[in-house]
Amino acid sequence: MEHTKRENRTIINIGTSLMVVILIGMAFAVIAALAISSSHNNYNLSMKLRNHTDEYYSASNQAYEIIADSNWADQEFTVDINENQVLNVKVESKEITCWQVQNVSSWEADSTQPVITLED
């Protein structure tokens, strides 16, 4: 009687469990690769933002120095932020009336889609 109980049990063979372990390992590897890629992209974006912020505050400091050197005289001037942007400043009646970042270069969105072209 005891012998028949052993024969009726279902036993997961070693191949099935090995496949499950391999699939879980691959899933972890894919998740790790995506996490590394995402963190690398976030790092690059934060470096670009830091550089842009440094450029802006450098131009801002230059503008304040120009205003202070002129003793708050009525004037309008621009300070270069980078090759694409300038800071436009206008002082009237010892008050800053315009403090605006302006784009000096044209920008066009790249909306092209890569398409396979076949040569005849």
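Residues numbered from 1 in each chain as written. Predicted model: local features only at pLDDT ≥ 70, side-chain atom pairs only at ≥ 80, totals over all residues. Heavy atoms only, no water.

Trainee: Teacher, can you tell me more about the nonpolar core here?
Mentor: Nonpolar side chains in soluble globular proteins tend to be buried together. In terms of nonpolar packing, the biggest core is built from nine residues, these being A59, A63, I67, F77, V79, I81, L87, V89 and V91. Secondary structure elements with two or more residues in this core: α2 (14–69), β1 (75–80) and β2 (85–92). Apart from residues lying up to four places away in sequence, L87 is in contact with Y56, A59, S60, A63, F77, T78, V79, I81, W99, Q100 and V101. (Core = buried A, V, L, I, M, F, W, Y, C linked by side-chain atoms within 4.5 Å. Buried < 20%, exposed > 50% of the residue type's maximum accessible area, 1.4 Å probe, protein only. Helix = DSSP H or I, 4+ residues; strand = E, 2+ residues; numbered from the N terminus. Contact = heavy atoms within 4.5 Å.)

Trainee: Even after reading the chapter, I still don't get the side chain of N82, so can you show me in this structure?
Mentor: Within the secondary structure layout, N82 lies in the loop between β1 and β2. Engagement of the side chain of N82 in a polar contact is seen with the backbone nitrogen of N84, the distance being 2.9 Å. A polar atom in the side chain of N82 sits 2.8 Å from the backbone nitrogen of Q85. Look past the residues within four positions of N82 in its chain and what remains in contact with it is H52 and E55. (Polar contact = N/O pair within 3.5 Å; in protein donor to acceptor, adjacent residues only side chain to side chain.)

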